[in-house]
Structure formats: structure tokens, C-alpha cells
Amino acid sequence: MDRYVLIVAGGKGLRMGGDLPKQFIPMQGKPLLMHTLEVFHRWDASARIILVLPEDHQPYWKMLCEEIGCKVPHAIVKGGTTRFFSVKNGLDWLLAERHREGMEDSDLSLVAVHDGVRPFVSPEVIGACFEKAATAGAVIPVVPMIDSLREVDANGSHPVDRSRYMAVQTPQVFHLALLAKAYEQPYSSLFTDDASVVEAMGHAIDTVPGDRENIKITTPFDLLIAEAIGFRT
């Protein structure tokens, strides 16, 4: 069974308050994005990694890889105008590459989609997602809500039962054929992640326990947390 990882890195870094896209922010001598690639390569060096990156970011990334010495083999695919179209571009490239290599479309290959600025995902979470997706077809990692939640409507706000809600993380792992078919649907603003795209087609989404360290680094405060966590080697 072939395993693929689409790493989507289209952030502009606006919430960081600087010009440097957040995926390129250096930590411990490497950009965040490089740490993310290394996590998956350490988990399974045979998994094929496809990096989806805005075209105007690609020269800078290639320069970083040459200067620092990125040891993770990966293909680079042009990103789209939104995350939806970036993932679709990655899937289209992957399917075309498989066709070029004479690979069958009917097998049960698995593909993960992961945020480029989640460098702390553990091998245990990655493995659990792939293992369950092999039978369930569509799996996401989730963590329970800690804070109290309130729903706001026309009548004000009122509390809701937080035990009924979970926070969603990545990687989100699917049968390749299933995810490719889901991304043939027209774009909708209701598509907040890959699971919502698959679910819109009528397929149920299974879950596995996530990890609270698997944070998405989007603000300066997130960087402080990242520095406190430190990178696994």
C-alpha cells in the first residue's frame, strides 16, 4: 500500500506581523516547514512527500534547502488561490504522476494532508491516522475542548455542552481515490478542511486521539509555545 503526504504551506505570515511567510520562520536553525517535512520522513522514509507551495515562495524555499541542506526528498507543486485549490493541485499532480508511472487507480493507497506549520505532530498520531484510514477511508485527529464554550445568536449568548465538541488537527488521512473524487466537487466556502470536503460527498469521518503539542503556528504567541516545546530529534 502506497503512502503519500501532501504538506500544504500557503501562509503569508500576516498574523505574525512581518513580511516573512510563517512557514519560513526559523527555529533551531531551520525553517518551520523543514521541521515538518522531517517529522514525516522520520516516521516513514518510504512515504512520498509532496509540498504544495505558492509559486512565488518556491525560489526562496529552494535557496533555503540548498543553504541548510534539506535531506528530505520531496516534490514541489504550485499552490492555489485557497487551501482547497492548493490541495486539489497537489492531488492532480499526484494522480498524474501515478498515471505516468503506470500505477493502478483502484488500489487502496493512502494520502495524508498536513499543515506546513504543524511541525510537532508525533509519529504516534501519524501512524494512528494511517492505520485507521486503511479500513475507515477517512480519519482525522481530534482533541477535546478545554475552555468553556458559548454560542452567539440573535438572542445573545448561551453555554453549550463542550463534551460534544472536539478540536480538529492534521494530518487528515484518506483513501487516495476517495479524496480525489471529493475534490472534484465545486468549491464551497463551507469547506474548512479536507474532512469537510469528503463529508460533503456523503462519506463518514472517523477520528483518532490527537496530541495537544500538535499546534498550528500562526501567531507570535504560538512561536513562544513552540520554543517551549522544542523539536524532537
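This is a predicted model, so every value here is computed, not measured.

Draft legend 1. View of the UniProt feature "site: Positions MEP for the nucleophilic attack" (unreviewed entry) in the chain. This chain's UniProt record puts "site: Positions MEP for the nucleophilic attack" (unreviewed entry) on Arg-162 and Lys-216. Of the annotated positions mentioned, Lys-216 line the second largest pocket. Structurally, Arg-162 can be placed in the loop between strand S9 (156-160) and strand S10 (166-168). On the basis of relative accessibility, which here comes to 38%, the residue Arg-162 falls in the partly exposed class. Aside from chain neighbours lying at most four places away, what touches Arg-162 is Met-145, Ile-146, Asp-147, Ser-148 and Leu-149.

Draft legend 2. Summary view of the UniProt feature "site: Transition state stabilizer" (unreviewed entry) in the chain. UniProt's feature table lists "site: Transition state stabilizer" (unreviewed entry) at Arg-15 and Lys-22, given in the numbering used throughout. Note that Lys-22 resides in the loop between strand S1 (3-8) and strand S2 (26-27).

Draft legend 3. Quick peek at helix H1 (residues 32-43). Here H1 spans 17 Å end to end across 12 residues, near enough to the 16 Å set by a 1.5 Å rise per residue. Among the 12 residues that make up H1, 10 are buried, leaving the element largely enclosed by the rest of the structure. Listed as buried for H1 are Leu-32, Leu-33, Met-34, His-35, Thr-36, Leu-37, Glu-38, Val-39, Phe-40 and Trp-43.

Cut-offs applied
- Residues numbered from 1 in each chain as written.
- Predicted model: local features only at pLDDT ≥ 70, side-chain atom pairs only at ≥ 80, totals over all residues.
- Heavy atoms only, no water.
- UniProt positions renumbered as here; feature names shortened; annotations may be inferred.
- 1 Å grid on protein atoms, 1.4 Å probe; cavity = no way out; pocket = protein on both sides within 12 Å on 5 of 7 lines; lining within 4 Å.
- Helix = DSSP H or I, 4+ residues; strand = E, 2+ residues; numbered from the N terminus.
- Buried < 20%, exposed > 50% of the residue type's maximum accessible area, 1.4 Å probe, protein only.
- Contact = heavy atoms within 4.5 Å.
- Expected span 1.5 Å × (residues − 1).

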